[in-house]
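A look at the structure
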Amino acid sequence: MPELPDITVYVESLTRVIVGRPIERILLKSPFLLRSVEPPISQAEGRVVRAVSRLGKRIVLDLGDEYFLVIHLMIAGRLRWVSRGAKPGPLGLALFQFPDGALVLTEAGTKRRASLHFIRGAEALRATDRGGLEVLDIDLPAFAARLRSESHTLKRALTDPRLFSGIGNAYSDEALHAARLSPLTLTGRLSEAEIDRLYHACRNTLTTWTDRLRREAGDGFPGKVTAFREGMAVHGRFKLPCPVCGSPVQRIRYAENETNYCARCQTGGRLLADRALSRLLKGDWPRSLDEIE
Ligand SMILES: [Zn+2]
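Not measured: the values here are computed from a predicted model. (Residues numbered from 1 in each chain as written. Predicted model: local features only at pLDDT ≥ 70, side-chain atom pairs only at ≥ 80, totals over all residues. Heavy atoms only, no water.)

Some remarks on the coordination of the zinc ion
Every protein donor of the zinc ion is accounted for by Cys242 (SG), Cys245 (SG), Cys262 (SG) and Cys265 (SG), and the metal-donor separations fall at 2.2 to 2.4 Å. One can describe the donor arrangement at the zinc ion as tetrahedral, given that its 4 donor atoms subtend angles of 96 to 114° at the metal. Each donor residue of the zinc ion belongs to the same chain, with the gaps between them written as C-x2-C-x16-C-x2-C. As far as the burial class goes, cysteine 262 and cysteine 265 line up, both buried. (Donors = N, O, S within 2.8 Å, 3.2 Å for Na, K, Ca; no water. Tetrahedral: all angles 85-135°; square planar, octahedral: opposite > 155°, others 65-115°. Buried < 20%, exposed > 50% of the residue type's maximum accessible area, 1.4 Å probe, protein only.)

Take a look at the structure:
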């Protein structure tokens, strides 16, 4: 799922190509994509994009007069920019035609999870905000207070969109590895020093990856948005050597999720067994990717 770094780079690229330009036409190829009824989507046509921003893991197109298009890519949704005259490539779920090109929304696989909302009013937009804090905008005391506001495993706390914004499965794995903390540690058990480490690890992970993806995209549009990236320490690297200590990266599989960690760096060498885990965690683990939103 595209997370804060990926979405940030999408927002920056979109800002370059569509802000100040009118949406000439919207073609919806999938009947499942549009999840709002009022106002009708046709009212978005002809409107000029005033700004593009990120709201959690959503992308918001501000169309002026308090009209907003809200795109949620979920797991497999991706955006592509096709310049006018270029080959359109595979048809996606939706196409937004602009004077000098088209924004194409695609979704891999067969599960239709990506969504589009066309809403009116700042209040309606606020209602789509899950309330998570932006780790890059808050100080350490605010981070600590939010982390301790509910008792959860660290994995759950970091990926809960009500607690923190824009962090999903990939960057939580990376941040926990950088902080040398187990994904299963309960938030209430953390020492001040551990919270400090986690705070800085989250911020460093998010900024480092945003910078990196921004460099890769250059002046263009992000091409390969994937959860498994070359250069990640543990995420998507089951059995591969940890870049810090060389031990094989471990995994916890839980329903559709996989969490990766290094036993030597993060859990004092202990392996976290899948089966014991489901008993232990019960409700305190994102049960499916849908649940971590
Ligand atoms: Zn390690």
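Side note on the pairing of strand S6 (residues 94–98)
Consecutive residues of a regular strand have side chains that alternate between opposite faces of the sheet. Counting buried residues along S6, 5 of its 5 residues qualify, which places the element largely inside the surrounding structure. Across the two faces of S6 the burial is the same, with Ala94, Phe96 and Phe98 and Leu95 and Gln97 all buried. As paired elements, strand S1 (residues 25–28) and S6 share 4 bridges and run antiparallel to each other. Opposite arginine 25, over in S6, you have glutamine 97 as the bridge partner. Linkage of S6 to strand S7 (residues 101–107), two consecutive antiparallel strands, is achieved through a turn of 2 residues. (Helix = DSSP H or I, 4+ residues; strand = E, 2+ residues; numbered from the N terminus. Pairing = 2+ DSSP bridges.)

Concerning the confidence of the model for the protein chain
Mean pLDDT for the protein chain: 90, with 91% of residues reaching 70 or above. Segment residues 287–293 is flagged for pLDDT under 50; beyond a separation of four residues in sequence, or across chains, it makes 29 contacts in the model. (pLDDT = per-residue confidence, 0-100. Contact = heavy atoms within 4.5 Å.)

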